[in-house]
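Here's the letter readout for the chains.
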Amino acid sequence: MTPQSAAQPLSIAYSPCPNDTFVFDAWAHGRVPGAPSPDVTFADIDITNGMAERGESDLLKVSYAVLPWVLDEYALLPCGGALGRGCGPLVLTREPGAAKDLAGKTVAVPSERSTAYLLFRLWAAAEVPGGVGEIRVLPFHEIMPAVRDGLVDAGLVIHEARFTYQNYGLHRLADMGEHWELTTGLPIPLGAIIAKRSLGAERLRELAETIRTSVRMAWDDPEASRPYVLEHAQEMDPAVADQHIGLYVNEFTADLGEDGYAAVRGLLTRAAAEGLVPPLGPDALEFA
């Protein structure tokens, strides 16, 4: 396939969450010199995961858990995503409890192809005797109300829910990231940036540099991104949006680096060994 023309708008898709709008603000608003014009679609991670599986966009933010299904068509970019420490998904319940209390219970999750759910399955296999019961997929913003209202027994939450779950009277049963870090020593891989291999190696390198520049510009002048962040933050408290950005936009956003790649390989290798995802080929994570 021939590389896409540099003049043609690039279709990109990411979430309206503060970390993504912060990262992509400079690029989306034409402030990155020489960057291609982006045609942006906003969608929650469950939607972008499906878009990637159908090959519907040139560049997307997806869950690391979906990579084994899409890496034939897409390349993992070494920047722009979400990894870190102390930022993992949480399991929430109405009453305090222990992991064993989830045996046979109904749990709401944001996506069955999400990294959060993959981390949850690895945790539950080790910590919940007999396993959980029904898994119910809900948009992430509906999960805490569903737990609060007794529609489900527990909820797996992501994003700013780390900072707001107590507002719903909920209790933290377990921290998936804490379990991952204790058992591996690696940072927590959450969201990845992927781009179509058909764009060509040179274009992929240019896109990675565009994202890095956009990230650096956001760090250099955080106030420039603030209108974009708050416009799409779904009525989120500005202080919570700042906490969200501070947690999920870090050194791994600028460059995955050795530890970042080790975390991604570790997650997908462990998940494949448990039969949760297809195994990766030896060069699947190679960048252009």
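Here, the structure is the one placed above.
Criteria and cut-off values
Residues numbered from 1 in each chain as written. Predicted model: local features only at pLDDT ≥ 70, side-chain atom pairs only at ≥ 80, totals over all residues. Heavy atoms only, no water. Axes fitted to C-alpha atoms, helices over the stretch in contact; angles between N-to-C directions. Helix = DSSP H or I, 4+ residues; strand = E, 2+ residues; numbered from the N terminus. Parallel < 35°, antiparallel > 145°, perpendicular 65-115°, else oblique. Contact = heavy atoms within 4.5 Å. Nonpolar A, V, L, I, M, F, W, Y, C, P; charged D, E, K, R; others polar. Left-handed = near helix turned anticlockwise from the far one by under 90°. Pairing = 2+ DSSP bridges. Buried < 20%, exposed > 50% of the residue type's maximum accessible area, 1.4 Å probe, protein only. Arc of directions from axis to C-beta. Polar contact = N/O pair within 3.5 Å; in protein donor to acceptor, adjacent residues only side chain to side chain. Phe/Tyr/Trp six-rings, centres within 6.5 Å; stacked < 30°, edge-to-face > 60°. Lys NZ or Arg CZ within 6 Å of the ring centre and 35° of its normal. Salt bridge = Lys/Arg side-chain N within 4 Å of Asp/Glu carboxyl O.

Topic: the packing of helix H1 (residues 18-28) against helix H10 (residues 238-248)
Relative orientation and spacing of two packed helices are given, respectively, by the angle between their axes and the distance between those axes.
1) Next: For the pair H1 and H10, interaxial distance at closest approach is 8 Å and the crossing angle is 70°. One element, H1, and the other, H10, form an angle in the roughly perpendicular class. In this structure, H1 contributes Pro18, Asn19 and Phe22 to the contact, and H10 contributes Ala241, His244, Ile245 and Tyr248.
2) Next: Partitioned by chemical class, the residues of the contact of H1 with H10 number 5 nonpolar, 2 polar and no charged.

Points about the packing of H1 against helix H9 (residues 222-231)
1) Next: Remark: H1 packs on H9, axes separated minimally by 9 Å, with the N-to-C direction vectors making an angle of 110°. The pairing of H1 with H9 is recorded here as roughly perpendicular in orientation. Two packed elements cross with a definite hand, and for H1 against H9 that hand is right-handed. The residues of H9 that touch H1, namely those facing Pro18, Thr21, Phe22, Asp25 and Ala28, are Pro222, Ala224, Ser225, Tyr228 and Val229.
2) Next: By residue class, the composition of the contact of H1 with H9 is 7 nonpolar, 2 polar and 1 charged.

A few points about the sheet that holds strand E8 (residues 135-137)
1) Next: Taken together, 5 strands build an open sheet; the order of strands is E8-E7-E9-E6-E10 and the sheet is mixed. Edge strands, defined here as strands with exactly one partner in the open sheet, are E8 and strand E10 (171-175). Neighbouring strand axes in the sheet, compared pairwise and without regard to direction, differ in orientation by 30° on average.
2) Next: Of the pairings in the sheet, the one linking strand E6 (residues 90-93) to strand E9 (residues 154-157) comprises 4 bridges and is antiparallel in character. Residue pairing in the sheet places Thr93 in a bridge with Ala154 of E9.
3) Next: Each of E6, strand E7 (107-109) and E9 touches helix H5 (residues 140-148); the most contacted strand, E9, lies at about 160° to it.

Regarding the environment of Ile12
1) Next: Structurally, Ile12 can be placed in strand E1 (residues 10-14).
2) Next: By relative accessible area, which is 1% here, Ile12 ends up buried.
3) Next: Considered as a pair, Ile12 and Glu95 are 83 residues apart in the sequence and their alpha carbons are 41 Å apart.
4) Next: With near-sequence residues (within four places) excluded, Ile12 lies in contact with Trp27, Pro38, Asp39, Val40, Thr41, Ser57 and Leu59.

Some words on H10
1) Next: All of the buried residues along H10 are Val240, Ala241, His244, Ile245, Leu247 and Tyr248. Projected onto a plane normal to the axis of H10, the buried residues spread over an arc of 165° and lie on a single side.
2) Next: In this fold, the buried residues of H10 make contact with H1, strand E5 (82-84), helix H6 (161-164), strand E11 (188-196), H9 and helix H11 (251-254).
3) Next: Where H10 begins, one side-chain oxygen reaches toward the backbone nitrogen of Ala239, 2.7 Å away; that side chain belongs to Asp237.

A word on the pairing of E11
1) Next: Counted residue by residue, E11 has 9 buried out of 9 residues, so it is predominantly covered.
2) Next: Strand direction decides the pairing type here: strand E4 (residues 74-76) and E11, joined by 3 bridges, are antiparallel. Of the residues in E11, the one forming a bridge with Ala75 is Ala195.
3) Next: Bridge count between E5 and E11: 3 bridges; the pairing is antiparallel.

Here we look at the packing of aromatic side chains
1) Next: Counted under the stated rule, the structure contains 6 aromatic pairs.
2) Next: Ring plane angle 5° and centroid distance 4.4 Å describe the contact between Tyr14 and Phe24, whose orientation is recorded as stacked. Highlighted residues: Tyr14 in strand E1 and Phe24 in helix H1, separated in sequence by 10 residues. With respect to burial, Tyr14 and Phe24 carry one shared label: buried.
3) Next: Cluster of aromatic residues (ring-pair linked, three or more members): Tyr14, Phe24, Trp27, Phe42 and Tyr228.
4) Next: The ring of Trp69 carries Arg113 above its face, with NZ or CZ at 3.7 Å from the centroid.

Brief notes about the side chain of Asp20
1) Next: On the secondary structure map, Asp20 appears in helix H1.
2) Next: The class of Asp20 is buried, set by a relative accessible area of 2%.
3) Next: Once residues lying within four places of it in the same chain are set aside, the contact partners of Asp20 are Tyr14, Ser15 and Lys61.

Thoughts on the pattern of salt bridges
A side chain with one charge can pair with a side chain of the opposite charge if their charged atoms come near.
1) Next: Enumeration over the complete set of coordinates arrives at 15 salt bridges.
2) Next: Taking the shortest distance from any N to any O, the salt bridge between Glu73 and Lys196 comes out at 3.7 Å. Placement of Glu73 in the loop between helix H3 (67-70) and E4 and of Lys196 in strand E11 is noted, with a sequence separation of 123 residues between them.
3) Next: Judged by its relative accessible area of 15%, Lys196 falls in the buried class.

By themselves, these observations are geometric and do not establish any function.
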